[in-house]
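Okay, here's what each chain looks like letter by letter:
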Amino acid sequence: MTAVPTKPVFLTGASGALGRVLAKWLGGLGWTLVMTDIAAFPDPLPPGASFTKADLNDGPTILRLAEGCGAIVHLGGVSVERPFEEVLGPNIRGLFHIYEAARREKARVIFASSNHSVGFHERTESLPADTQFLPDGFYGLSKAYGELMGRLYWFKHGVENVNLRIGSACPEPVNNRMLASYLSYADFSRLVVACVTAGQTGSCVVWGASKNSRMTWWRDDARAELGWEPTDSADPYAGQLAGKVSGDPVEERYMGGAFCSIGYSRSAFAPAGLFDSAKG
Ligand code: 15L
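These figures come from a predicted structure and were not determined experimentally. (Residues numbered from 1 in each chain as written. Predicted model: local features only at pLDDT ≥ 70, side-chain atom pairs only at ≥ 80, totals over all residues. Heavy atoms only, no water.)

### Observations regarding the site of the ligand
The local shell around the ligand consists of Ser 79, Val 80, Ser 114, Asn 115, His 116, Tyr 139, Gly 167, Ser 168, Arg 177 and Phe 259. Within the side chain of Ser 114, one N or O atom sits 2.8 Å away from an oxygen atom of the ligand. Contact between the ligand and Arg 177: an oxygen atom at 2.7 Å from a side-chain N or O atom of the residue. Bound to the protein, the ligand loses 72% of the 320 Å² it would expose on its own. Under a 2 Å grid-point criterion requiring more than half of the atoms, the pocket assigned to the ligand is the largest pocket. By residue class, the composition of the shell around the ligand is three nonpolar, six polar and one charged. (Near = heavy atom within 4 Å. Polar contact = N/O pair within 3.5 Å; in protein donor to acceptor, adjacent residues only side chain to side chain. Areas by Shrake-Rupley, 256 points an atom, 1.4 Å probe, with all protein chains shown as cover. 1 Å grid on protein atoms, 1.4 Å probe; cavity = no way out; pocket = protein on both sides within 12 Å on 5 of 7 lines; lining within 4 Å. Sits in = over half its atoms within 2 Å of the grid points. Nonpolar A, V, L, I, M, F, W, Y, C, P; charged D, E, K, R; others polar.)

### Here's the deal with the pairing of strand 10 (residues 203-208)
Across the six residues that make up strand 10, a large majority, five, are buried. Of the strand pairs in this sheet, strand 7 (residues 161-166) and strand 10 are connected by six bridges, and their pairing is parallel. Paired with Arg 165 across the two strands is Trp 207, which belongs to strand 10. (Buried < 20%, exposed > 50% of the residue type's maximum accessible area, 1.4 Å probe, protein only. Helix = DSSP H or I, 4+ residues; strand = E, 2+ residues; numbered from the N terminus. Pairing = 2+ DSSP bridges.)

### Digging into the sheet that holds strand 2 (residues 33-37)
Hydrogen bonding along the main chain pairs the strands of a sheet, whether they run parallel or antiparallel. Ordered in space as 3-2-1-4-5-7-10, the seven strands form an open sheet in which the pairing is parallel. What marks the edges here is a single partner per strand, and that holds for strand 3 (50-53) and strand 10. Here the average twist between neighbouring strands, direction ignored, is 20°. Pairing between strand 2 and strand 3: four bridges, direction parallel. (Axes fitted to C-alpha atoms, helices over the stretch in contact; angles between N-to-C directions.)

### Let's talk about the side chain of Thr 61
Within the secondary structure, Thr 61 is located in helix 2 (residues 59-65). For Thr 61, a relative accessible area of 14% corresponds to the buried category. In terms of polar contacts, Thr 61 uses its side chain to reach the side chain of Asp 58, at 2.5 Å.

Any functional reading would require information that these geometric values do not contain.
Below, the structure written as structure tokens:
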């Protein structure tokens, strides 16, 4: 039986796909949730939960909503690749508001980072959590910034934070890439519970992927310290998804997949750079 946090948990991005999953899961555990999103919450409110429509750009409202909360599960913001100006407000300024709220409340931040913060690593690699950031777009760049913001607030203010580099959290894997990157909703929910209830976290990173036997891309993170192990797997889909590839060489070469191809304009004949693999 999981301990119920003594203070409410602030959940941003509550109306998105993952927010709705968590609202139901955490509400079902009897947790008190203070929820927010820029869009209306489409489901019945879990018992004891509140919901306020708010923009992450609105610092005073974010600070007010976080009052009295012991943890902030931050899923809010732009969650796909978009032009820089669209990412700037919610993901850059908004993240600052989240960390200022956490500093004031002495709350722990659980940040929905993404595999897109390291999306330009090749699929042949095996990355430890302290690997080089190689964002595959403005969205991935904002996630790398969010992780670094966590380090700043930990070292400067002692704000604990867990950065979840989520792979592909969806109802089921739908292409070959997701045989590696798939994260089931149940594994994701149990991961968030572990992050909120762990004794101490410092500032750490966990790769968010289920127990996929092809999940060889990511290793050496803080899961053991947090007491989390995935139990679901994309493996049963291997037969039906093996041939489900895009045919786009950029998409299939890098971990970030389709996000890497968006607006890609580099010449195939460009010389290898400092962070390119030997293949160039
Ligand atoms: C993400 O970070 C996105 O939020 C999600 O829409 C998926 O594209 C996922 O990554 C992925 O890489 O599959």
